[in-house]
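Residues per chain are reported as follows:
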Amino acid sequence: MDTEDMVRGALRDEAARVEVADWSAGPVQAHVRRQRRGRRVAMGASAVAVALAVVAGTGAALSAHRGARAVGPAAQVLPEPAGPAPEAVVVEPGQQLPLGRPGWWMQLKDQEICIHDAPAYGSSPGCGGYSWAGGATEVTMQYYGNPGQPDSLYNLVYHGPGQVARMAVELDGRSRWATVASLPGTPGYATGFVWGPSRKTADGPTEFPLEGIRIAAYDAQGMVLASKTLSP
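Position numbers for residues start from 1 in each chain and track the written sequence from start to end. Per-residue local features of the predicted model are confined to residues with pLDDT of at least 70, and side-chain atom pairs are confined, for both listing and counting, to 80 or more; whole-chain, interface and lining totals are unaffected and use all residues. Only hydrogens and water are removed before side-chain values are computed, so all heavy atoms of the structure are retained for them.

1. What about the state of the cysteines?
And then number 1: Put simply, a disulfide is two cysteine sulfurs that come within 2.5 Å. For the structure shown, the criterion picks out one disulfide.
And then number 2: Covalent S-S linkage joins Cys114 and Cys127, the inter-sulfur distance amounting to 2.0 Å. In this structure, the disulfide formed by Cys114 and Cys127 twists by about 105 degrees around the S-S bond and is classed as right-handed. Remark: Cys127 occurs in the loop between helix H4 (118-121) and strand E5 (128-131) and Cys114 occurs in strand E4 (residues 112-116); sequence separation between them is 13 residues.
And then number 3: Take Cys114: its relative accessible area is 3%, and that puts it in the buried class. Working definition: helices are DSSP H or I runs of at least four residues, strands are E runs of at least two. Numbering for both runs from the N terminus. Only protein chains enter the area calculation, which uses a 1.4 Å probe; residues under 20% of their type maximum are buried, those over 50% are exposed, and those in between are partly exposed.

Structure, rendered in structure tokens:
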């Protein structure tokens, strides 16, 4: 049953409860008709709210089967950028994936994304990043500043149901595709990386305001698996 059918059913049920007695005089009948009209308007709004709540409550299941539900309000959903997305890559656990800059690479593990940040780690083999344990469907982002360079690394992370085919980020009003990387099979998550303008404020080079950035993950049909606008 879709949302429209649910709303129609709720309206019919409510109307069926409102009856006018056969003995009612004309003025009383007119009063009841006014009450019925007012109740129908109110019921219409509440029925829509109930229907939307039911849909929202089943969002995770719908995402698993149809990949058609976004995380967060619909206003936050990021449309796909123009042009083709980079080809997604599949890597083995622990394999070093170059990130397009000297000394920058990524490793994917069971529930961890580890990034070798050249300015922080230099020639050492270390890396650091984002890890999780279960939890709800989510899309999030890590930012890696690149001191002295005009661009920095934006690392998107999605974990939840569905198979990610594309990821995107909106920076300064411009949507960009990220290169999607994942482990073989269905590991339950995917990550994406893209180089974009470094973020600074007038107060100093170490402050990175990220609020307002929009991020999204899509399946192969272009349906939104998750979408979010970052807050301070």
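Still to come is the rest of the account.
2. Thoughts on the packing of aromatic side chains
And then number 1: Note on aromatic contacts: the rings of Phe and Tyr and the six-membered ring of Trp form a pair at centre separations within 6.5 Å, being stacked when their planes are under 30 degrees apart, edge-to-face when over 60 apart, and tilted otherwise. What the rule picks out here adds up to six aromatic pairs.
And then number 2: Here Trp104 and Tyr144 contribute two aromatic rings whose centre-to-centre distance is 6.5 Å and whose plane-to-plane angle is 90 degrees, an arrangement assigned as edge-to-face. With Trp104 in the loop between strand E2 (97-98) and strand E3 (105-109) and Tyr144 in strand E6 (residues 138-144), this pair connects stretches of sequence that are 40 residues apart.
And then number 3: Residue classification places Tyr144 among the buried positions, given a relative accessible area of 10%.

3. Digging into the pairing of strand E11 (residues 214-218)
And then number 1: In terms of burial, E11 is a largely internal element, five of the five residues being buried.
And then number 2: Burial of E11 is two-sided: the residues Arg214, Ala216 and Tyr218 facing one way and the residues Ile215 and Ala217 facing the other way are all buried.
And then number 3: For two strands to be treated as a pair, DSSP must find no fewer than two bridges joining them. Bridge count for E11 against strand E12 (residues 224-229) is five bridges, and the pairing is antiparallel. Paired with Arg214 across the strands is Thr229, a residue of E12.
And then number 4: Between E11 and E12, which pair antiparallel and follow one another directly, the connecting turn spans five residues, one of which, Gly222, has a positive phi of 85 degrees.

4. As for the nonpolar core
And then number 1: Throughout, nonpolar core names a set of buried Ala, Val, Leu, Ile, Met, Phe, Trp, Tyr and Cys residues whose side chains join them through atoms within 4.5 Å. In this structure, Met141, Tyr158, Val164, Met167, Val169, Ile213 and Ile215 are the most contacted members of the largest nonpolar core, which totals 20 residues.
And then number 2: Among the secondary structure elements, those contributing two or more residues to this core are E6, strand E7 (151-159), strand E8 (166-171), strand E9 (174-182), strand E10 (189-197), E11 and E12.
And then number 3: Core analysis: the second largest hydrophobic core is formed by 19 residues, Ile113, Ile115, Leu153 and Phe193 among them.

5. Re the environment of Val89
And then number 1: Here Val89 lies in strand E1 (residues 89-90).
And then number 2: Accessibility expressed as a relative area gives 27% for Val89, which makes it partly exposed.
And then number 3: Contacts between residues were defined by any pair of non-hydrogen atoms, one from each residue, lying within 4.5 Å. Excluding residues that lie within four positions of it along the chain, Val89 makes contacts with Leu97, Val180, Ala181 and Ser182.

6. Observations concerning the side chain of Asp117
And then number 1: Relative to the elements of secondary structure, Asp117 occurs in the loop between E4 and H4.
And then number 2: At 11 Å, Arg101 is the nearest oppositely charged side chain to Asp117, a buried residue that forms no salt bridge. Asp and Glu are treated as the negative residues and Lys and Arg as the positive ones, with His and the ends of the chain left uncounted. Counted as salt bridges are all cases of a side-chain nitrogen of Lys or Arg within 4 Å of a carboxyl oxygen of Asp or Glu.

7. Details of the confidence of the model for the protein
As a note on interpretation, predicted positions should not be read in detail where pLDDT is low.
And then number 1: In this model, the protein carries an average pLDDT of 74, and 64% of its residues clear a pLDDT of 70 or more.
And then number 2: The predictor attaches a confidence to each residue, and that confidence, scored 0 to 100, is pLDDT. When mean pLDDT is compared element by element in the protein, E2 scores highest at 97, while helix H3 (residues 59-66) scores lowest at 26.
And then number 3: Contacts from residues 18-75, a stretch scored under 50 in pLDDT, to residues over four places away or in other chains number 56 contacts.

8. Focus: the pattern of salt bridges
And then number 1: Applying the stated criterion across every chain yields a total of five salt bridges.
And then number 2: Here Arg101 makes a salt bridge to Asp151, at a shortest N to O gap of 2.3 Å. Pair noted here: Arg101 is in the loop between E2 and E3 and Asp151 is in strand E7, with a separation of 50 residues, a long-range link.
And then number 3: In this structure, Asp172 and Arg199 form a salt bridge, with 3.7 Å as the shortest nitrogen-oxygen distance. One end of the pair, Asp172, is in the loop between E8 and E9; the other, Arg199, is in the loop between E10 and E11, and 27 residues separate them in sequence.

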